[in-house]
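# Observations on the model geometry
Residues per chain, in single letters:
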Amino acid sequence: MSQRIALLGCGRMGSAMAAGWLKAADKPEIFVYAPRPTLLVSQWVEQGEVVLNPERKPADILVVAVKPQVFGDILEEARPLCDEGTLVISVMAAWSVDRLAEALGTRRIVRALPSTPGAVGQGVTLLSCDASVSEGELEQVRALLSPLGWVEGPMAEETLQVAMTISGSGPAYVFHLVEALAAAGVANGLEPELAMRLARRGVIGSGALLAGSDEDAGALRKGVTSPNGVTAAALEVFMDDHKGFIPLATKAIAAAVARDQALARGED
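Residues numbered from 1 in each chain as written. Predicted model: local features only at pLDDT ≥ 70, side-chain atom pairs only at ≥ 80, totals over all residues. Heavy atoms only, no water.

## As for the packing of helix α7 (residues 157-167) against helix α8 (residues 170-187)
For the pair α7 and α8, the least separation of the axes is 5 Å and the interaxial angle reads 30 degrees. Classified by the angle between their axes, α7 and α8 sit roughly parallel to one another. Of the residues in α8, those in contact with T165, I166 and S167 of α7 are G170, P171 and Y173. Considering only residue class, the contact of α7 with α8 consists of three nonpolar, three polar and no charged. (Axes fitted to C-alpha atoms, helices over the stretch in contact; angles between N-to-C directions. Helix = DSSP H or I, 4+ residues; strand = E, 2+ residues; numbered from the N terminus. Parallel < 35°, antiparallel > 145°, perpendicular 65-115°, else oblique. Contact = heavy atoms within 4.5 Å. Nonpolar A, V, L, I, M, F, W, Y, C, P; charged D, E, K, R; others polar.)

Next comes the structure, spelled out in structure tokens:
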């Protein structure tokens, strides 16, 4: 990993990646480009761990970690950071490989879409790349992204487009599930703080059980559900063929994919 990495943008995901690189035995040179560095980045600068906003020149690896809505506005700042020898890793949604290649003038591009649990090393990062990226370079990318958690791929961009609405957006759905369960508890007589605490701990514990079990989610669900019992009564509502979780989730994922397609076309 003793290479020169240019990190364009250093928010939550960029910082999580950099933190992992700084723990490596063979630390890379990290050059952070951020107009408003966070307190953590400022601390790294003071400790001599990273260099902030140096002169822009091509790096061995360019990691693009800015919001997709602003990348078009900072292209002139991004282009000097890469040349034909630079491997580009983009963690932006919406910007396809072809669109990035046209913008940056290189096809040595890997799209890597992480999920927010990557900030605590428990995320999923999806990979898609141009055919010119070698297996050795992909292994290098996997190593760089391993601090965020599990790395999946590479896969076709069409697959990535759907997969990201599950792994990347999925945490938001789970967080809303916690909100919904807490609200349901309140509606049925629980105090708000107790309802939220129970919903939160229930999801955390269920996730830990799922992570530590060889059984799939369906088998674990059945293990909690006694026939004609309390849980079964709730699941009868949640599993309704027309209004239950599955048809609702299918509709929601389709809406997310459609929105990503619109953003990829440059629509607001």
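On we go from here.
## Concerning the sheet that holds strand β6 (residues 109-113)
Pairing between the strands of a sheet comes from backbone hydrogen bonds, and it takes one of two forms, parallel or antiparallel. Spatial ordering of the open sheet is given by β3-β2-β1-β4-β5-β6-β7-β8, a layout of eight strands whose pairing is mixed. Unpaired on one side and paired on the other, β3 (51-52) and β8 (149-152) mark the two borders of the sheet. Pairing geometry for strand β7 (residues 123-129) and β8, over four bridges, is parallel. Its bridge partner being in β8, L126 is matched across the sheet by E152. Strands in contact with helix α5 (residues 97-104) are β5 (87-90), β6 and β7; relative to β6, the strand with the most contacts, it is inclined by about 130 degrees. Across the face of the sheet, helix α6 (residues 135-145) comes into contact with β1 (4-8), β4 (61-64), β5, β6, β7 and β8 while running at roughly 160 degrees to β7. (Pairing = 2+ DSSP bridges.)

## Some thoughts on the packing of α7 against helix α12 (residues 245-264)
Between α7 and α12, whose axes approach to 9 Å, the crossing angle comes to 125 degrees. Compared by their axis directions, α7 and α12 come out oblique. At the point where α7 passes α12, the crossing takes the right-handed sense. Packed against α7, whose contacting residues are Q161, V162, M164, T165 and I166, the element α12 presents I253, A256, V257, D260 and Q261 at the interface. The residue inventory of the contact of α7 with α12, partitioned by class, reads six nonpolar, three polar and one charged. (Left-handed = near helix turned anticlockwise from the far one by under 90°.)

## Comments concerning the environment of D98
With respect to the helices and strands, the residue D98 is situated in helix α5. The spacing of D98 and S146 is 48 residues in sequence and 25 Å in space, taken between C-alpha atoms. Within the structure, the side chain of D98 is placed 2.7 Å from the side chain of R107, a separation counted as a polar contact. (Polar contact = N/O pair within 3.5 Å; in protein donor to acceptor, adjacent residues only side chain to side chain.)

## Some thoughts on the pattern of salt bridges
The full count for this structure, using the stated rule, is nine salt bridges. Its salt-bridge partner being E49, residue K27 comes within 3.3 Å of it at the nearest N-O pair. You can see K27 sitting in the loop between α1 (12-22) and β2 (29-33) and its partner E49 sitting in the loop between α2 (39-46) and β3, a full 22 residues away along the chain. The class for K27 is partly exposed, based on a relative accessible area of 40%. Here E76 and R79 are joined by a salt bridge, their closest N and O atoms 2.4 Å apart. The exposure class assigned to R79 is partly exposed, which follows from its relative accessible area of 32%. It is possible to trace a salt-bridge network through shared partners that takes in D98, R107 and D130. (Salt bridge = Lys/Arg side-chain N within 4 Å of Asp/Glu carboxyl O. Buried < 20%, exposed > 50% of the residue type's maximum accessible area, 1.4 Å probe, protein only.)

## Re the nonpolar core
One finds L7, W21, V32, V63, L127 and L145 to be the most contacted residues of the largest nonpolar core, which totals 31 residues. Looking at this core, the elements that each hand over two or more residues are β1, α1, β2, α2, β4, β5, β6 and α6. Top element by residues in this core is α1. It accounts for six residues. Non-local contacts of V63, meaning those with residues more than four positions away in its chain, are made with I5, A6, L7, L8, M17, W21 and I89. Counting residues in hydrophobic clusters, the runner-up holds 23 residues, among them L8, I74, V97 and I109. (Core = buried A, V, L, I, M, F, W, Y, C linked by side-chain atoms within 4.5 Å.)

## Considering α1
Burial runs high along α1: nine of the eleven residues are buried. Regarding α1, the residues found buried are M13, G14, S15, A16, M17, A18, G20, W21 and L22. In this structure, the buried residues of α1 make contact with β1, β2, α2, β4 and α6.

Read these as layout, nothing more, since geometry by itself doesn't imply function.
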